[in-house]
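Chain by chain, the residues:
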Amino acid sequence: MWNLALLLALATPLYAGEPALPDAAATARVKAFYAALPIDAARREGVLVELLERHARRRGAAPGALGWIQGAPPQTTEAGRKTVPEAVLAEPPDAEPRSLAPSETVAASEAAERGRLALSVARDTDFDGSAARRNEDALPGLNLSWGSAPRATVHARNFESLYGLYGAGSDGLLKALNIDGPAARLVKSPVDLFLGMAGTLAGHELGHFEHARLGGAKDVAYVPAPGPYAFGRITEVGADDWGKMSPAARQAFYAGGVQASQAAATQLRRDLFERGEAHWSQWPLLFFQKLDITQYALNAPKPSTAGTEDQFNDMTNYARLYGERSGRGGAAVHADIVRGAVWNALDPLGVYALWGYARRYVLGGEERQSVPGVELGGRAWMAGTGFWLSETGPRYSLSILSRGRDGDLLEVTPSWGEGQTGMGVSYSDQLAPGWRGRAGLNAWRQRTASEPGPLRTGGAVELGLRRELARSFYLDASMGYKTDGAMLGQSQDAGAIWTLSVGGALR
C-alpha cells in the first residue's frame, strides 16, 4: 500500500536491533507519521489498523489486543491510538514509495497544509488533525442552547442532545443485557426511527409556533391532531389572533415549520463535517430533517385541487397565499416547491444518513463513525443541497464544504430563486489551544416583500467563539446582525442575531 510506504518514508528507519531513538527524535518521527496520514477518516483508520496489525504479528499478540476492532471499516480504539507511537517506532524499512508526480496546484496546497500542521504541532494541538478523537469514547455531545427568535438551530441542538442520550442509553442497555448484536439493534430500530422522526417534527412545530408569535399572535397552542405529527400534536393559532395577522405573517407561519427543519439540517450537516465523525444517533435526525420538506412538498396538492381535508397543509397554503401576493399564481409556486423537494433530496449526506444508520450501526455495530468526504488538494470536500420557503418565494441553495487536516472548515453557499440571488460564506478554525473562532457573511439581492418590486441589496454578519474549558466541557457564543431580507433560520425583519450554548460530553 503506497500510502503506508509514503508515511514510513517520512520517518528515519528503525531496525529491530538498533537502540531506541532519543525522545526528541522519536517524537518528531511520530509527528511526521501523523502529519502524513490521509485526510479522509476511513483511509486514515485503514492505515492505522494495518500498522497495528503488523505490530501485533511482530509481538505475537492478537491484533485486537493492541487496539482495533472489526467493522466496516475496522476502527482503532483508545488503546490502539496509544499503541500507534510504539508501532511507528518499531516499523522496519518498507518498499520504496511510488512516485506521485502531483500537479503544481496540488503540491502547493499540500505544502500549505504541511505548514498548517506544523503550526498545529507548535500550538500543541492534535497533529493528526482530528479534535473529535478527544471525545471518541464519550457519550454524544450534550448541550443546552438559547438564541434569538426564531430558534430553529438551538431547538434542534437540544433535541439532538436528548436523542443522543436515548441512543447511548439504549446501547448501554443492550450491552448490559449482553445482546448487543445486529438482531437486537434491528428489533429496536423502529423505536430509534420513531423518536428521530418525532424529534424532527417537534422542531417543525416549534418553527410554526415562533413565527406565529413573531407575527403578533398571542393565542398559540399545541393541540391534538390525528396523523404522524409531533407526538400527535400540531400548532394552532386562535381564530381572533389569526384574523389580526397580516398576509406576510400568515405566510411566515405556513413556511416556519419546514424552514426550521431545513435550518436544523444545514447546521447538523456543518457540525458533522467539521468534526469528521458522527454518533449513530445523528444520522436518523439528519435524514428526517432533510425528508421533512421533501415528503411534505411531494404529497401536497395544488391549491386548485385541494379539498377541505387539506386546510392545514402548509405547502398548499403557502403556494396559494404566495401565489396571490406575488402574482405568479398557486400552480406556478406549487411547481417550484415540487422542484425544490427533488433538489433537496439530492443532498449527499442526507442520502448517506440511511447507510450510516442501517448498514454501519444496525448491522455493523459502529456507534461512532467517520463522515465521508472527497480528498482533494490536501483537504476533504462535501456538497449539500437545500430548499426552503421565504417571504420572497421558494429558495434553493448549494453548499460546498471544505475541511483541512487540522479541522478548519470553509463553507460557501450560493442561493437563488425567481432571479433573486444570494451568497453565504462561513469559516471556522482553531485560534489557540482550547479556543475556536468562526465568522459568517451573507449577502443577497432580493425584493423586500412577496409583492413585485425592485431588488435591494442586504446581508448579515455573524462572529462566534467557542471555549473548551476542560476535556469534555465547552461554552459557545455568537453574535451578529442582519438587514431586512430572507435568510434561512431567521425572521424577515432586520435585527440582532445571537446564540449561547453550554455543553460537553460525559464518559
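Residues numbered from 1 in each chain as written. Predicted model: local features only at pLDDT ≥ 70, side-chain atom pairs only at ≥ 80, totals over all residues. Heavy atoms only, no water.

(A) Just the overall build of the protein, in detail. Of regular secondary structure, the protein possesses 13 helices and 16 strands. Long-range contacts, defined as pairs at least 24 residues apart, comprise 62% of the intrachain contacts of the protein with a sequence gap of at least 6. Surface accessibility of the protein: about 22600 Å² in total, with carbon and sulfur atoms responsible for 63%. (Helix = DSSP H or I, 4+ residues; strand = E, 2+ residues; numbered from the N terminus. Contact = heavy atoms within 4.5 Å. Areas by Shrake-Rupley, 256 points an atom, 1.4 Å probe, with all protein chains shown as cover.)

(B) Seen up close, the packing of helix 7 (residues 182-214) against helix 13 (residues 348-363). Two elements in contact, helix 7 and helix 13, have axes separated by 9 Å at closest approach and are oriented at 140°. Comparing their axes, helix 13 and helix 7 come out oblique. Of the residues in helix 13, those touching helix 7 at P182, R185, L186, K188, S189, D192 and L193 are Y357, Y361, V362 and L363. Residues belonging to the contact of helix 7 with helix 13 are distributed by class as follows: seven nonpolar, one polar and three charged. (Axes fitted to C-alpha atoms, helices over the stretch in contact; angles between N-to-C directions. Parallel < 35°, antiparallel > 145°, perpendicular 65-115°, else oblique. Nonpolar A, V, L, I, M, F, W, Y, C, P; charged D, E, K, R; others polar.)

(C) Local environment of helix 13. For helix 13, which comprises 16 residues, the first-to-last C-alpha distance of 21 Å matches the rise-based estimate of 22 Å (1.5 Å per residue) to within 8%. Approximately 30° is the largest bend angle found in helix 13, and it occurs at G356. All of the buried residues in helix 13 are L349, G350, Y352, A353, G356, Y357, R360, Y361 and V362. The elements touched by buried residues of helix 13 are helix 6 (152-176), helix 7, helix 9 (247-275), helix 10 (282-299), strand 7 (368-370) and strand 9 (379-390). A side-chain oxygen of the first residue of helix 13 lies 3.1 Å from the backbone nitrogen of L349; this N-cap is D347. (Expected span 1.5 Å × (residues − 1). Bend = angle between axes of the 7 residues up to and from the residue. Buried < 20%, exposed > 50% of the residue type's maximum accessible area, 1.4 Å probe, protein only. Polar contact = N/O pair within 3.5 Å; in protein donor to acceptor, adjacent residues only side chain to side chain.)

(D) Spatial organisation of the nonpolar core. Formed by 25 residues in total, the largest nonpolar core has its most connected members in V237, M315, Y318, I337 and L389. For this core, the secondary structure elements donating two or more residues are helix 9, helix 10, helix 11 (314-326), helix 12 (330-345) and strand 9. When neighbours within four sequence positions are excluded, M315 is seen to be in contact with V258, Y296, A297, A300, I337 and L389. (Core = buried A, V, L, I, M, F, W, Y, C linked by side-chain atoms within 4.5 Å.)

(E) Region of the structure containing the packing of aromatic side chains. Taken as a whole and judged by the stated rule, the model has 15 aromatic pairs. Pairing Y163 with W280 gives two aromatic rings, centres 6.3 Å apart and planes at 70°, and the pair type is edge-to-face. Of the two residues, Y163 sits in helix 6 while W280 sits in the loop between strand 6 (277-279) and helix 10, which places them 117 residues apart along the sequence. With a relative accessible area of 0%, W280 lands in the buried category. Centroid distance Y318 to Y322: 5.7 Å. Interplanar angle 10°. Geometry classified as stacked. Here Y318 and its partner Y322 are both found in helix 11, four residues apart, which amounts to about one turn of the helix. Comparing Y318 with Y322 shows no difference in burial state: the two are buried. (Phe/Tyr/Trp six-rings, centres within 6.5 Å; stacked < 30°, edge-to-face > 60°.)

(F) The arrangement of the confidence of the model for the protein in detail. Model confidence for the protein is summarised by a mean pLDDT of 84, while 81% of its residues fall at 70 or above. Note on residues 95-103: pLDDT is under 50 here. Beyond four places in sequence and across chains, it has eight contacts. pLDDT under 50 marks residues 116-138. Its contacts with residues more than four places away, or in other chains, come to 57 contacts. (pLDDT = per-residue confidence, 0-100.)

(G) Expanded view of the pattern of salt bridges. Taken as a whole and judged by the stated rule, the model has 24 salt bridges. For the salt bridge of E324 with R320, the shortest nitrogen-to-oxygen distance reads 4.0 Å. With E324 and R320 both in helix 11 and four residues apart, the pair spans about one turn of that helix. On the basis of relative accessibility, which here comes to 32%, the residue R320 falls in the partly exposed class. Close ionic contact of R325 with E451 constitutes a salt bridge, the shortest N to O distance being 3.1 Å. Taken together, the positions of R325 in helix 11 and E451 in the loop between strand 13 (435-446) and strand 14 (456-470) put the pair 126 residues apart, joining distant regions of the chain. The buried category is assigned to R325, whose relative accessible area is 13%. Under the relative-accessibility criterion, E451 is labelled partly exposed at 35%. Among the charged side chains, a network of salt bridges with common partners joins R328, D336, R339, E418 and R447. (Salt bridge = Lys/Arg side-chain N within 4 Å of Asp/Glu carboxyl O.)

(H) Summary view of the sheet that holds strand 16 (residues 495-504). The 10 strands are arranged 3-16-15-14-13-12-11-10-9-8 in an open sheet whose pairing can be described as antiparallel. Edge strands, defined here as strands with exactly one partner in the open sheet, are strand 3 (142-147) and strand 8 (374-376). Direction aside, neighbouring strands of the sheet carry axes that sit 20° apart on average. Alignment of strand 12 (residues 421-432) against strand 13, held across 11 bridges, turns out to be antiparallel. When the sheet's bridge partners are listed, T421 is paired in strand 13 with R445. (Pairing = 2+ DSSP bridges.)

(I) Up close: unusual backbone geometry. In this model, A149 is joined to P150 through a cis peptide bond whose omega is -5°. Mapped onto the fold, P150 is located in the loop between strand 3 and helix 6. Non-glycine residue N178 carries a positive phi angle of around 60°. Tracing the sequence through the fold places N178 in the loop between helix 6 and helix 7. Residue class for N178 comes out exposed when judged on its relative accessible area of 70%. Phi at E418 is positive, roughly 55°, even though this residue is not glycine. Among the structural elements, E418 can be located in the loop between strand 11 (409-416) and strand 12. Relative accessible area serves as the criterion here: at 31%, E418 is assigned to the partly exposed category.

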